[in-house]
Amino acid sequence: MSEEVRMPASPEYHRPRSLEEAWRLLEAQPDARLVAGGTDVLVRLREGRYHPPALVSLRRVESLRRIEPGRAWTIGAGVSVAELLEHRELAAVFPVLVEAGRRLGSAQIRSAATVGGNLCNASPCADLAPPLLVLEARALIASAAGEREVPLSEFFLGPRRTALGPGELLSALRVEAPPAGARATFLKQGRVRMDIALASVAVRLELEGARCVEARVAAGSLAPTPTRLGEVEASLAGTELDEATLARARAAAEREVRPITDVRASADYRRHLAGALVVRAVRALTRPEAR
Amino acid sequence: MIDLELTVNGELARVRVEPGARLLDVLRGPLGLPGTKEGCGNGECGACTVLVAGRPVCACLTPAAEVEGLEVLTVEGLVGPGGDLSAVQRAFVEGGGVQCGFCTPGMVMSVHALLERNPDPTPEDVREALTGNLCRCTGYAQIVESALLAARKRREAREGGDRA
Ligand SMILES: Cc1cc2nc3c(=O)[nH]c(=O)nc-3n(C[C@H](O)[C@H](O)[C@H](O)COP(=O)(O)OP(=O)(O)OC[C@H]3O[C@@H](n4cnc5c(N)ncnc54)[C@H](O)[C@@H]3O)c2cc1C
């Protein structure tokens, strides 16, 4: 049986099996768009937001789909969120990634959506970004010319803008396994269960007894890019996380974020959420049963 | 145009399609499987949910070219050889989980995917598995009940020795 179906103008669709093949395609067609899970690209194509002459799919590039344990773990850019959640060993080491992954879209979206796509979208609301920022992940960037590594915090340049240059792609993340005294959590506020974040926060604390020796805080949907909140971190570090500290952390969060008003929420409400989520996260991490 | 060899509901099919053709259009068009519905076309509503390699995906966001070499299961593929409905399908009928029916194939596929992984889900597991499936008729209560009924039917069938 051979039948025909015609679709509205659809670009060329390439399915390279290796990075080398992908780079050759990108060199031949610099305006081609990479596509991984396609959950963002295909929606944007349909909306007519861009008209690339070709799509270069990364789904068949096996090297992008690896998960390698180690002191620093390697998580391939092509790993789907569903695969990430099913990796038991990874889940045990980085429970905060599981918390965030579970809140990303629906089961259908998680089957397709990749870690790399989530980050390369460079959307302020990307759910995997805040946890990876507090884990101080590094982005492995690969091109025909070789590989380079940048801290994830330097990867996001603005809404939909990343540090990737022409011919470059994100190949993997390097994430160090956290020390024993560290724990992290991710909180997201949407309008309904499946929604992109109105605001999200990841907090990672290193505790010695009741004392917080290090605090890392990152936010989503609260600035032009997912971002660390240095003032909030400073307000928490070196304290016993008492009520006065939490009040200062809340105020710091409200001051430090740079949210916008859009159809989902006002900047004021987002600012309020920032403070509330930071406080809620710290409380969750310091509850006796979390210890 | 590109030629693809797809495995849908256990059968091999050859199609010639535009390079970026969506799995949804290939199913409903040349493959003659209109059970999979198009709702939003943006991955939000889940009416087009099918299973690819055992995972639920939105066929509207899946390029047909990506499923070559993978097993695709649609709602038609749940029906047994004699035309018998699957346990999940029967549970939706008996449990009143169907109103206008448009979202039903997607719901059924999401529940099928859930039960393949988790034969004994809690109501919360069911709701979680169905976050990506919208129904505009019901309040979801009977859909969740139908899913739990399906789980029971499948467990009983397994214990009874025959396949659900
Ligand atoms: C219904 C729905 C709900 C959603 N809900 C959420 C949500 O709750 N939270 C959330 O964060 N996101 C959500 N999203 C957005 C999206 O699904 C995620 O951001 C997803 O992780 C994107 O991954 P992908 O593999 O599908 O990306 P794609 O669409 O394939 O690609 C996204 C972008 O990244 C580029 N890209 C992909 N991989 C690479 C690479 N390795 N190197 C360089 N560039 C690359 C592409 O060129 C494109 O610009 C949702 C989307 C939909 C449709």
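Residues numbered from 1 in each chain as written. Chains lettered and ligands numbered in written order. Predicted model: local features only at pLDDT ≥ 70, side-chain atom pairs only at ≥ 80, totals over all residues. Heavy atoms only, no water.

## Regarding the environment of B:Val98
All names here are of chain B.
Piece 1. Among the structural elements, Val98 can be located in the loop between helix 2 (87-94) and helix 3 (104-117).
Piece 2. For the pair Val98 and Ser146, spaced 48 residues apart in sequence, the C-alpha to C-alpha distance is 9.2 Å.
Piece 3. Apart from the residues within four sequence positions on either side, Val98 is in contact with Phe92 and Thr104. (Helix = DSSP H or I, 4+ residues; strand = E, 2+ residues; numbered from the N terminus. Contact = heavy atoms within 4.5 Å.)

## Examining the domain arrangement of chain A
Residue and element names in this part refer to chain A.
Piece 1. The assigned domain composition of chain A is domain 1 (12-57), domain 2 (62-176) and domain 3 (182-290).
Piece 2. Summarising the inter-unit geometry, the C-alpha centres of domain 2 and domain 3 are found 21 Å apart.
Piece 3. Each side of the interface is counted separately: domain 2 has 22 residues, and domain 3 has 24 residues.
Piece 4. For the pair domain 2 and domain 3, the summed buried surface comes to about 2,000 Å²; carbon and sulfur atoms form 61% of the total. (Domains from an automatic or database assignment. Buried area = accessible area lost by both parts, 1.4 Å probe.)

## Re the state of the cysteines
Piece 1. Across all of its chains, the model carries zero disulfides over all chains by this definition.
Piece 2. Take A:Cys120: it sits in no disulfide, and the sulfur closest to it among the cysteines is that of A:Cys125, at 14 Å.
Piece 3. Of all cysteine sulfurs, the one in B:Cys103 lies closest to B:Cys135, which takes part in no disulfide; the gap is 3.9 Å.
Piece 4. Look at B:Cys135 and you get buried, because its relative accessible area is 6%. (Disulfide = S-S within 2.5 Å. Buried < 20%, exposed > 50% of the residue type's maximum accessible area, 1.4 Å probe, protein only.)

## Topic: the pairing of strand 13 (residues 199-208) of chain A
Residue and element names in this part refer to chain A.
Piece 1. The buried fraction of strand 13 amounts to eight of the ten residues, a majority that puts the element mostly inside the structure.
Piece 2. Pairing of strand 13 with strand 14 (residues 211-220) involves nine bridges; the strand directions are antiparallel. The residue bridging Glu208 from the neighbouring strand is Arg211, located in strand 14. (Pairing = 2+ DSSP bridges.)

## Some details on the site of the ligand
Piece 1. In the neighbourhood of the ligand, 33 residues make up the surrounding shell, with A:Leu34, A:Ala36, A:Gly37, A:Thr39 and A:Thr114 lying closest.
Piece 2. The environment of the ligand is shared, with nearby residues belonging to chains A and B.
Piece 3. One of the backbone nitrogen or oxygen atoms of A:Leu170 is found 2.9 Å away from a nitrogen atom of the ligand.
Piece 4. Mapped by element, the contributors of at least two residues to the shell around the ligand are strand 3 (33-35), helix 7 (115-120) and strand 11 (169-176) of chain A.
Piece 5. Classifying every residue of the shell around the ligand gives 16 nonpolar, ten polar and seven charged. (Near = heavy atom within 4 Å. Polar contact = N/O pair within 3.5 Å; in protein donor to acceptor, adjacent residues only side chain to side chain. Nonpolar A, V, L, I, M, F, W, Y, C, P; charged D, E, K, R; others polar.)

## Some details on the sheet that holds strand 12 (residues 182-189) of chain A
All names here are of chain A.
Piece 1. One open sheet accounts for four strands, arranged 12-13-14-15; its pairing is antiparallel. Looking at which strands have only one partner, the edges of the open sheet turn out to be strand 12 and strand 15 (227-228).
Piece 2. With two bridges joining them, strand 14 and strand 15 adopt antiparallel strand pairing. Across the sheet, the residue bridging to Ala219 is Thr227, located in strand 15.

## As for the domain arrangement of chain B
Residues and elements named next belong to chain B.
Piece 1. Along its sequence, chain B is carved into domain 1 (2-78) and domain 2 (87-160).
Piece 2. For domain 1 and domain 2, the distance between their C-alpha centres works out to 21 Å.
Piece 3. Between domain 1 and domain 2, the residue contacts involve 17 residues of the former and 13 residues of the latter.
Piece 4. The largest per-residue losses of area from domain 1 upon contact with domain 2 belong to Thr49, Val75 and Leu78, which jointly make up 35% of the total buried on that side.
Piece 5. Where domain 1 meets domain 2, there are zero salt bridges.
Piece 6. On inspection of domain 1 and its partner domain 2, the count reaches three residue pairs in polar contact (both at pLDDT 80 or more).
Piece 7. The class makeup of the residues in the side of domain 1 that touches domain 2 is seven nonpolar, six polar and four charged. (Salt bridge = Lys/Arg side-chain N within 4 Å of Asp/Glu carboxyl O.)

## Focus: a nonpolar patch on the surface
Residue and element names in this part refer to chain B.
Piece 1. Where nonpolar side chains cluster on the molecular surface, the patch consists of Val79, Leu85 and Val93 and spans about 230 Å² of accessible area.
Piece 2. As for its placement among the helices and strands, Val79 is situated in the loop between strand 5 (71-73) and helix 2.
Piece 3. On the basis of relative accessible area, Val79 is assigned to the partly exposed category, the value being 32%. (Patch = residues over 30% accessible without salt bridge, like charges linked within 9 Å, V, L, I, M, F, W, Y side chains within 5 Å. Areas by Shrake-Rupley, 256 points an atom, 1.4 Å probe, with all protein chains shown as cover.)

## Examining the pattern of salt bridges
Note on pairing: side chains with opposite charge can pair once their charged atoms come close.
Piece 1. Counted by the stated rule, this structure contains 35 salt bridges over all chains.
Piece 2. The residue A:Arg160 makes a salt bridge to A:Asp40 at a minimum N-O spacing of 3.4 Å. Of the two residues, A:Arg160 is situated in the loop between strand 9 (156-158) and strand 10 (161-162) and A:Asp40 in the loop between strand 3 and helix 2 (41-46); the sequence distance between them amounts to 120 residues.
Piece 3. A relative accessible area of 40% places A:Arg160 in the partly exposed class.
Piece 4. A:Asp40 gets classed as partly exposed once you look at its relative accessible area, which sits at 21%.
Piece 5. Two residues, A:Glu86 and B:Arg117, come together in a salt bridge whose shortest N-O distance is 2.7 Å. Residue A:Glu86 is found in helix 3 (residues 81-86), and its partner B:Arg117 is found in helix 3; the two belong to separate chains.
Piece 6. Three or more residues are tied together by salt bridges with common partners; here these are A:Glu136, A:Arg204, A:Glu206, A:Glu214, A:Arg216, A:Arg228 and A:Glu233.

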